[in-house]
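One-letter residues, chain by chain:
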Number of protein chains: 2
Amino acid sequence: MPDKLIEPRTLKGFRDSLPALAMPRERLIDAARRVFRAYGFAPIDTPALEYTEILTGKGGDESDKQMYRFHDHGGRDVALRFDLTVPFARFAAQHIDDLGVPFKRYHIAPVWRGENTQHGRYREFIQCDFDTIGTGPGAADLETMLVVHDIMVALGFTRFSLQVNDRRILNGLLRQLGLDDRTAAVLRVLDKLRKAGPDKVEGELVEQVQVAPPTARELLASVQVQGDNDSILTDLEARLGQDPGASAGLALMRQLVEAFAAAGIPDERLHLDPAIARGLDYYTGPVCETFLADLPGIGSVCSGGRYDNLAGLYTRQHLPGVGASLGLDRLMAAMEELGLLGTARTPAEVLVVLFSAAATPHYVTAARRLRQAGLGVELYPEASAVGRQLKYADRKGFALAVIGGPAELARGVWQVKNLVSGHSAEVPDAELVDRVRAALTATADAAGAAGGARP
Amino acid sequence: MPDKLIEPRTLKGFRDSLPALAMPRERLIDAARRVFRAYGFAPIDTPALEYTEILTGKGGDESDKQMYRFHDHGGRDVALRFDLTVPFARFAAQHIDDLGVPFKRYHIAPVWRGENTQHGRYREFIQCDFDTIGTGPGAADLETMLVVHDIMVALGFTRFSLQVNDRRILNGLLRQLGLDDRTAAVLRVLDKLRKAGPDKVEGELVEQVQVAPPTARELLASVQVQGDNDSILTDLEARLGQDPGASAGLALMRQLVEAFAAAGIPDERLHLDPAIARGLDYYTGPVCETFLADLPGIGSVCSGGRYDNLAGLYTRQHLPGVGASLGLDRLMAAMEELGLLGTARTPAEVLVVLFSAAATPHYVTAARRLRQAGLGVELYPEASAVGRQLKYADRKGFALAVIGGPAELARGVWQVKNLVSGHSAEVPDAELVDRVRAALTATADAAGAAGGARP
């Protein structure tokens, strides 16, 4: 053993994921992946390290200060990826001939940014993106929104809404009002509507973008149409029916409303909001943000939209696409606040108590029988005092303990102890699997009835 | 669009994972995680970047030349992790008071090594480790071996064997032969037995470790006992019964044999091999290597064992443990060679053909009905020619296409086309889900009968 210990610590802005964090995050990611796969999205991965010129996208002239950038052993100028979009653009340019179009992928992986850590942000975090590329506006856009919806449901959310728009509608409105010479500037201001309110936005449009006050008011009125999706669409169709771009956007929004209705999705989960621009110049068609009715303050938990060309920096092949990004950290925070995470610190539900080291194979076999019935079972690894083993089970959040001391062994029975109620039942060895399963179902039902969650 | 494109390329020694690679790898990892969880192992994660002094473990004096090491924005000497063991040791030292013992974790994450790439090695690869720490030899060791066994079965392997030993048995043999003053040197040579053969090993023992020739021959005879596990154990018990360390190791191996037998695992999957040392000085108790009967040449696909103290560089707390590491790349290579990977490049089985953009919601709804029945379904995103859509389906490896042109739509029917046989059946809309499910089952059965794999 060394005289002097090395202090065990993580870098500033980085953190370990203990099971209490890693378990629910893994469940969340599993749920998202199940939905992605059900829609035919395939996983991909790209290297964490790339040539810096790939990541900056401009030959390295304007390196991003947040990038972890260095020279590798071969003297190459390299950096850790700071998002999954740029690597996907590079990936698509490099492999699209092999992959073919349309191409649907998801990518769930860590990214690194040497950001200021004051706002509770971490310098390493996981992004979760999915995209369909190589196809224009249409079915892929509708399904992108349905994927977002289905993931929210899979995570256990019920009260949420997708706020959708089509940038072509907004562009049509701007054209109609003669503002299409400063689209980007107008949209940047308009994007603040939700947070800053109409008065502030009107002021900024007038002062910063030189929009005439009546025009600013008319723009604000037309993006703040009240009513259900159908009446908003009808209103906008009347206003913009002569504009080909806007008409195409409105037709797609009509199809989206229709598809959500046909799927039996409650009306309140889809809301057409003509004010949504999603700031970036990047988006060119449908856009989407997702808000939780119970926690609107945390912002959009899943956002995305259609872009015209993914990989123009790396290839002359035109690759339009549509996709969205799940805000894993926000979703985790929301699930925690809404009690959707559970508190267990073990993925197993059952602890088998170990009485004597000599009889270890006996307990190993009992644990194995339970596992083969699909249950999660941990065998305590040493013959400590039963009280200590049960304390361990409590602390970790096991639901049941299976106890078989020498007396039980001799009689061919087990004690099945409910760790929440403290109630014990004696069960014959032959019935062990069935009785444990029944007891777990009862525990889960009780937790469900009490509003608890043990997904 | 820029005048000059940036060449899309990855760094030397790095690679993208396209769906053909990422899909089966994700399935492999999912299977391993299901087994880990069933045994009560919980996921953790640690940062990709650590202080260099943590990773070198010696205050940075002897930096590893393979490490990606640099100074971050704050001037810190940092590096990308090169394995998951060192970060786990740091993690355990830092959090064990919060986590408590025993602690069972798995960790599946990329690591980085600036290695020579001549041998087909990559500089970024995924490691998959699981460990139980804070407990001595016993049930945890038996379950570690059972986890390895169950993962192999979950991946579809049937002909494989765990070659196990307990280092305490070997140490007892060395003591008996008066070689315990050069244990490490002897074991390093003995570890070559499988590859180099007994003559070469005997020669090296004599020449390099100065073992007397008769002693070398006796050592080789005693580690090469023939027979089944029971007779090998009986032989070793007779030889080493008076050695307390070796007796404890033999008793644990007896329990392991008993636990495998009680689990109904075929005898040939567990083989006690007293010659296995697993080179490293690190191991102190049971050790394990896993070989495929059909591909012995690729080496051990899963190895591990018991160590006496995980985190001595970072804490004075004694943390014994046992664990193993899955060789994902070797397993993938083996599964590919044995036809266990399948060839599909989509996670979905069914392609719904899109006939007209105007009827998009109709097709979206059909796809959704199939998904709600648990099927993986992709909707082709645009109304291209049907032939083009079916070509896409073939290329990606979909099993079925669901086709509904205007005539079918009008009559309320669909064509369900088997993309392997080419056979089509007309099914009423109301029966779509049941008929597609039945057709998929038939396809899977046919593939299974033909030796194909579509997990």
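Residues numbered from 1 in each chain as written. Chains lettered and ligands numbered in written order. Predicted model: local features only at pLDDT ≥ 70, side-chain atom pairs only at ≥ 80, totals over all residues. Heavy atoms only, no water.

> Could you clarify how one ought to interpret the state of the cysteines in this entry?
In protein chemistry, a disulfide is the covalent bond that joins the sulfur atoms of two cysteines. Residue and element names in this part refer to chain A. Counted according to the given criterion, the structure contains zero disulfides over all chains. You can see cysteine 302 has no disulfide; the closest cysteine sulfur is in cysteine 288, sitting 6.1 Å from it. The class of cysteine 302 is buried, set by a relative accessible area of 2%. (Disulfide = S-S within 2.5 Å. Buried < 20%, exposed > 50% of the residue type's maximum accessible area, 1.4 Å probe, protein only.)

> What is the right way to read the sheet that holds strand β4 (residues 77–80) of chain B from this model?
Each strand in a sheet pairs with its neighbour through backbone hydrogen bonds, running either in the same direction (parallel) or in the opposite one (antiparallel). Residue and element names in this part refer to chain B. Overall, antiparallel pairing links the three strands, which are arranged β2-β4-β3 in an open sheet. Only two strands of the sheet have a single partner each, and these edge strands are β2 (49–51) and β3 (69–71). In this sheet, neighbouring strand axes are inclined to one another by 40° on average, regardless of whether the strands run parallel or antiparallel. (Pairing = 2+ DSSP bridges. Helix = DSSP H or I, 4+ residues; strand = E, 2+ residues; numbered from the N terminus. Axes fitted to C-alpha atoms, helices over the stretch in contact; angles between N-to-C directions.)

> Mind showing me how you'd approach the environment of methionine 67 of chain B here?
All names here are of chain B. Within the fold, methionine 67 resides in the loop between α2 (52–56) and β3. Under the relative-accessibility criterion, methionine 67 is labelled buried at 2%. C-alpha separation for the pair methionine 67 and proline 24, spaced 43 residues apart in sequence, amounts to 29 Å.

> I tried to follow the pattern of salt bridges on my own but got confused; where do I start?
Two side chains carrying opposite charge are able to pair once their charged atoms lie near each other. Across all of its chains, the model carries 68 salt bridges over all chains by this definition. When the shortest N-O distance is used, the salt bridge between glutamate 26 of chain A and arginine 37 of chain B registers 2.7 Å. Taken as a pair, glutamate 26 of chain A in helix α1 (residues 19–38) and arginine 37 of chain B in helix α1 (residues 19–38) lie in two separate chains rather than in one. Linking aspartate 166 of chain B and arginine 168 of chain B is a salt bridge whose minimum nitrogen-to-oxygen distance equals 2.8 Å. One salt-bridge network, in which partners are shared between bridges, spans Glu26, Asp30, Arg33 and Arg37 of chain A together with Glu26, Asp30, Arg33 and Arg37 of chain B. (Salt bridge = Lys/Arg side-chain N within 4 Å of Asp/Glu carboxyl O.)

> Can you walk me through the pairing of strand β15 (residues 413–418) of chain A in this structure?
Note on strand geometry: in a regular strand, side chains alternate between the two faces of the sheet. All names here are of chain A. Within β15, five of the six residues are buried, which leaves it mostly tucked inside the rest of the structure. Where β15 meets strand β16 (residues 424–428), five bridges bridge the pair, whose relative direction is antiparallel. Paired with lysine 417 across the bridge in β16 is serine 424. Joining the antiparallel neighbours β15 and β16 is a turn of five residues, in which glycine 422 adopts a positive phi near 85°.

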